[in-house]
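Residue-level structure breakdown
Chain residues, written in single-letter form:
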Amino acid sequence: DAGVIQSPRHEVTEMGQEVTLRCKPISGHNSLFWYRQTMMRGLELLIYFNNNVPIDDSGMPEDRFSAKMPNASFSTLKIQPSEPRDSAVYFCASSRSPGQGGEKLFFGSGTQLSVL
Amino acid sequence: QKEVEQDPGPLSVPEGAIVSLNCTYSNSAFQYFMWYRQYSRKGPELLMYTYSSGNKEDGRFTAQVDKSSKYISLFIRDSQPSDSATYLCAMEKNNNDMRFGAGTRLTVKP
């Protein structure tokens with residue numbers, strides 16, 4: 001099992017540019033989550049999908065952020081236009097069917113985003 | 001007030017010490033309580049999981065949940081340098097909306 005795979009590992013871009021982060025969840029997992037981690041705010045849930053359908057996007061900061069999950073094995077998080085305050089580590093995580101809660105989350109290694 | 005409060009530390013202890021990590025929370029609807037461990041430049045990994053109140057032990061690790069006080073703890077016995085990491089508490093109702101603490105950075109010195 002390769003685990004959750006994220007790409008790129010590092011992204012450095014200039015303010016105003018479009019950024020696309022990619023995630024491949026663990027095969028067989030039905031739920032996918034995007035988190036953002038900063039020193040100031042810790043780990044924040046941005047959006048999660050169940051069976052490829054967005055369930056809760058209330059954590060998405062603003063309209064500059066968008067996420068898609070076109071199929072069970074791929075998701076993207078896009079920031080357009082990017083701003084310096086978007087600099088953070090972005091994690092993707094997956095889990096089996098949510099059920100009653102308490103499902104174990106499997107995290108990828110994250111994408112370190114720096115917006116200059 | 002944040003839903004989940006966790007002292008970010010850092011915490012430094014000598015090898016072999018007992019480590020106590022804690023979180024408090026404000027939402028009584030939380031039912032699932034977890035501790036994740038995060039090594040530098042890695043994603044968090046689930047370490048311990050507890051449903052509702054009580055204790056759970058796994059080797060050198062013990063997780064405690066006191067719902068009446070809205071307080072959870074993680075104890076590490078005989079701490080090792082390999083335990084050096086950031087420990088995040090996490091809790092969830094029953095809707096997959098997991099809330100994380102800020103994380104406590106722990107260093108165990110040989």
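Structure first, text after, so check above.
Read on for a plain summary of the structure. All values derive from a computational prediction rather than experimental measurement.

Below, the discussion takes up the sheet that holds strand β3 (residues 19–25) of chain B. Residue and element names in this part refer to chain B. In spatial order, the strands read β1-β3-β8-β7-β6; together these five strands make up an open sheet with antiparallel pairing. With partners counted over all chains shown, the strands left at the sheet margins are β1 (4–6) and β6 (54–58), one partner each. Pairwise comparison of adjacent strand axes, ignoring direction, gives a mean angle of 15° for this sheet. Where strand β7 (residues 61–66) lies against strand β8 (residues 71–76), six bridges are found, and the strand directions are antiparallel. The partner of T62 across the bridge, within β8, is F75.

Our next topic: the state of the cysteines. Taken as a whole and judged by the stated rule, the model has two disulfides over all chains. Across the disulfide, C23 of chain A is cross-linked to C92 of chain A (sulfur-sulfur distance 1.9 Å). Taking the sign of the S-S torsion, -65° for the link of C23 of chain A and C92 of chain A, the bridge is left-handed. Note that C23 of chain A is positioned in strand β3 (residues 19–24) and C92 of chain A in strand β9 (residues 88–95), a separation of 69 residues in sequence. Both residues of the pair, C23 of chain A and C92 of chain A, belong to the buried class. Here C23 of chain B is linked by a disulfide to C89 of chain B, with a sulfur-sulfur distance of 2.0 Å.

Thresholds, definitions, all that
Residues numbered from 1 in each chain as written. Chains lettered and ligands numbered in written order. Predicted model: local features only at pLDDT ≥ 70, side-chain atom pairs only at ≥ 80, totals over all residues. Heavy atoms only, no water. Pairing = 2+ DSSP bridges. Helix = DSSP H or I, 4+ residues; strand = E, 2+ residues; numbered from the N terminus. Axes fitted to C-alpha atoms, helices over the stretch in contact; angles between N-to-C directions. Disulfide = S-S within 2.5 Å. Buried < 20%, exposed > 50% of the residue type's maximum accessible area, 1.4 Å probe, protein only.

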